[in-house]
Amino acid sequence: MNSELEINFIKELETNQNIIHKVCKAYTNNQDDHNDLFQEISIQLWKAYDKFRGESKFTTWMYRVALNTAISLYRKSKKRIPTDELFPNSKELTYEEYDDTKEKQLDSLYQAIHRLTDIEKALVLLYLEDKSYKDIALCLGISEVNARVKMNRTKVKLKELLNPI
Amino acid sequence: MDSLSKYKEVWQNQGIENPLDKNSLNKLIHKRSSSIVKWIFYVSLFEFGFVLLLNLIIPTDWEQYKTYGLYHFMIGVSVFGYALTLLFIFLFYKNYKNISVHESTKDLMQNILNTRKTVKYYILINLIFIAFALFYSFYVIFNSEEYESLMTKLGENGPILLWSIVVFAILFVVGIMFLFYSLIYGLLIKKLNKNYKELTEEV
């Protein structure tokens, strides 16, 4: 049953699974939903794998499929839980001595991302991965100019969420 | 420097808490997908099966239709009804096959919204068709010889009363079906409209 195609795919998937995990973490609020979305993205990737022609980098293609699945094909649409409920200790952090560890930065980044819309999340994720505007525009299907404008707005929003006044 | 740039490094170097091994990944990709489009297709198939089953369980009394002169009309209705449903199942299947995750997000959503449009037409045509079939059937029945005496018995306001009941009943049936459709298909595609609007919002 294990064709060469499947073996290759699983190898690529194992190496690059962090991409899917990042998308899942950005688009879901709990472990169950995370696992569900992870599965759906993996299935969609596998279904589309034979059509992957290598025109773009594998990771860029993976991002596109993962984001498309999270934005439009994923069936679950649960109510968003406010991040305060998710991270009950987040307010207390401000009373602690400021510790700029990478882990904390990552935590606050995810908290901020959770407050963005589905499309803004996609923009931010692609920005954080250092994708070019050309790639971002291609991935989302909008013009490069539009991608820049949307990105600037989203970055402003993200900054506000990360550093509330 | 962009104050967000410092987050890039953290983002790109984040580790995974529970990485999956090849075996688990292999199992995972062979599970069933739960994507919206697939479910729209399945729901339409299920509905077709349900109508078919209903027609098998409740035998059609063709002789009765013959006495009212509705025989040919009902045959036409049945053939047209099945042809319509099959056509739409084919369209749903085509939509389902056309949707490709590796095109751009906007194209993908446009395709899904096209599926939604197909669903909308499916519902609309079905409802109009049912309302027309019922209305016409009652019209023929009320004008048949058997009902002529009843109409005379009911007096002057009889036909108006009878038609009011019929129209109300038809509207009720169509209303219930509309709610049923809106609930099932509406739930499946609720989120998409918002996302699509967000994506295409003009500068």
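Here the structure is a predicted model, which means the values were calculated and not measured.

A.B. asks: Please set out the packing of aromatic side chains residue by residue, giving values where relevant.
C.D. replies: Under the counting rule described, the total for this entry stands at 28 aromatic pairs over all chains. Ring centres of Phe58 of chain A and Trp61 of chain A lie 5.5 Å apart, and the angle between their planes is 35°; this geometry places the pair in the tilted category. Here the residue Phe58 of chain A and the residue Trp61 of chain A both occupy positions in helix 3 (residues 58-73), the gap between them amounting to 3 residues, near one helical turn. By relative accessible area, which is 11% here, Phe58 of chain A ends up buried. Judged by its relative accessible area of 4%, Trp61 of chain A falls in the buried class. Consider the rings of Trp62 of chain B and Tyr71 of chain B, whose centres lie 5.8 Å apart with planes at 85°: the pair is edge-to-face.

A.B. asks: Tell me what's going on with the side chain of Asn95 of chain B, and back it up with residues and numbers.
C.D. replies: The residue Asn95 of chain B is located in helix 5 (residues 71-98) in this model. Ignoring any residue separated from it by four or fewer positions in sequence, one finds Asn95 of chain B in contact with Asn114, Thr115 and Thr118 of chain B.

A.B. asks: Account for the packing of helix 6 (residues 118-128) of chain A against helix 8 (residues 144-162) of chain A, with residues named and values stated.
C.D. replies: Residue and element names in this part refer to chain A. At their nearest, the axes of helix 6 and helix 8 sit 10 Å apart, and the two run at 90° to each other. If you check the angle between helix 6 and helix 8, you find them roughly perpendicular. Here Glu120, Leu123, Val124 and Tyr127 of helix 6 lie close against helix 8, whose contacting residues are Ala147, Lys150, Met151, Thr154, Lys155, Lys157 and Leu158. Broken down by class, the residue content of the contact of helix 6 with helix 8 amounts to 6 nonpolar, 1 polar and 4 charged.

A.B. asks: Which residues make up the domain arrangement of chain A, and what values go with them?
C.D. replies: Residues and elements named next belong to chain A. Structurally, chain A comprises domain 1 (1-79) and domain 2 (83-165). Between domain 1 and domain 2, the buried area comes to about 1400 Å², and carbon and sulfur atoms account for 62% of it. Here domain 1 and domain 2 share 1 salt bridge between them. Measuring nitrogen to oxygen at the nearest pair gives 2.7 Å for the salt bridge that ties Lys22 to Glu129.

A.B. asks: Outline the layout of surface pockets, supporting the account with residue identities and numerical values.
C.D. replies: All names here are of chain B. One number sums up the size of the largest pocket: a volume of about 1300 Å³. Lining the largest pocket are 38 residues, and of these Val51, Leu54, Asn55, Val77 and Ile130 lie nearest its centre. Listing elements by their share of the lining of the largest pocket, those giving two or more residues are helix 3 (36-57), helix 4 (62-68), helix 5, helix 6 (105-142) and helix 8 (158-200). When residues of the lining of the largest pocket are assigned to their parent elements, the largest contribution, 9 residues, is made by helix 6.

A.B. asks: Account for the interface of chain A and chain B, with residues named and values stated.
C.D. replies: Each side of the interface is counted separately: chain A has 63 residues, and chain B has 51 residues. Across the interface of chain A and chain B, roughly 5400 Å² is buried in total on both sides, 59% from carbon and sulfur atoms. Our enumeration of links across chain A and chain B arrives at 2 salt bridges. Residue Asp130 of chain A pairs with Lys8 of chain B through a salt bridge whose shortest N-O separation is 2.7 Å. Viewed at the interface, chain B and chain A are joined by 20 residue pairs in polar contact (both at pLDDT 80 or more). Taken together, the elements giving at least two residues each to the side of chain A that touches chain B come down to helix 1 (4-27), helix 2 (31-49), helix 3, helix 5 (102-114), helix 6, helix 7 (133-140) and helix 8 of chain A. The element that contributes the greatest number of residues to the side of chain A that touches chain B is helix 1 of chain A, accounting for 11 residues.

Cut-offs used in this document
- Each chain has its residues counted from 1, running along the sequence as written.
- Lettering for chains starts from A, numbering for ligands starts from 1, and both go in the order in which the items are written.
- It should be noted that, the model being predicted, local features are given only for residues of pLDDT at least 70 and side-chain atom pairs only at 80 or more, the latter also being counted only at that level, while totals for whole chains, interfaces and linings use all residues.
- As a rule here, side-chain values cover all heavy atoms of the structure and leave hydrogens and water aside.
- Whether two aromatic rings pair depends on their centres lying within 6.5 Å, for rings of Phe, Tyr and Trp, where Trp uses its six-membered ring; planes under 30 degrees apart make the pair stacked, over 60 edge-to-face, and the rest tilted.
- Counting from the N terminus, the helices are DSSP H or I runs at least four residues long and the strands are E runs at least two residues long.
- Here's how the labels work: a residue is buried when its accessible area is under 20% of the maximum for its type, exposed when over 50%, partly exposed in between, all with a 1.4 Å probe on protein chains only.
- We call two residues in contact whenever any of their non-hydrogen atoms come within 4.5 Å of each other.
- For helices, the fitted line uses only the C-alpha atoms of the stretch in contact; every axis is such a line through C-alpha atoms, and the angle between N-to-C directions lies from 0 to 180 degrees.
- These descriptions rest on fixed angle ranges, namely under 35 degrees for roughly parallel, over 145 for roughly antiparallel, 65 to 115 for roughly perpendicular, and the rest for oblique.
- Charged means Asp, Glu, Lys or Arg here, nonpolar means Ala, Val, Leu, Ile, Met, Phe, Trp, Tyr, Cys or Pro, and polar covers whatever is left, Gly included.
- An automatic or database domain assignment provides the domain bounds reported here.
- Buried area: the accessible surface (1.4 Å probe) lost by two parts on joining, summed over both.
- Here, a salt bridge means any side-chain nitrogen of Lys or Arg that lies within 4 Å of a carboxyl oxygen of Asp or Glu.
- With a 1 Å grid laid over protein atoms only, a set of points is called a cavity when a 1.4 Å probe fits there but cannot get out and a pocket when it is open yet has protein on both sides within 12 Å along at least five of seven lines; lining residues have an atom within 4 Å of a point.
- Grid points are joined across faces, edges and corners, and a volume is the space filled by probe spheres set on the points.
- Here a polar contact means two N or O atoms within 3.5 Å. Within protein one must be a hydrogen donor candidate and the other an acceptor candidate, and residues neighboring in sequence count only if both atoms are side-chain atoms.

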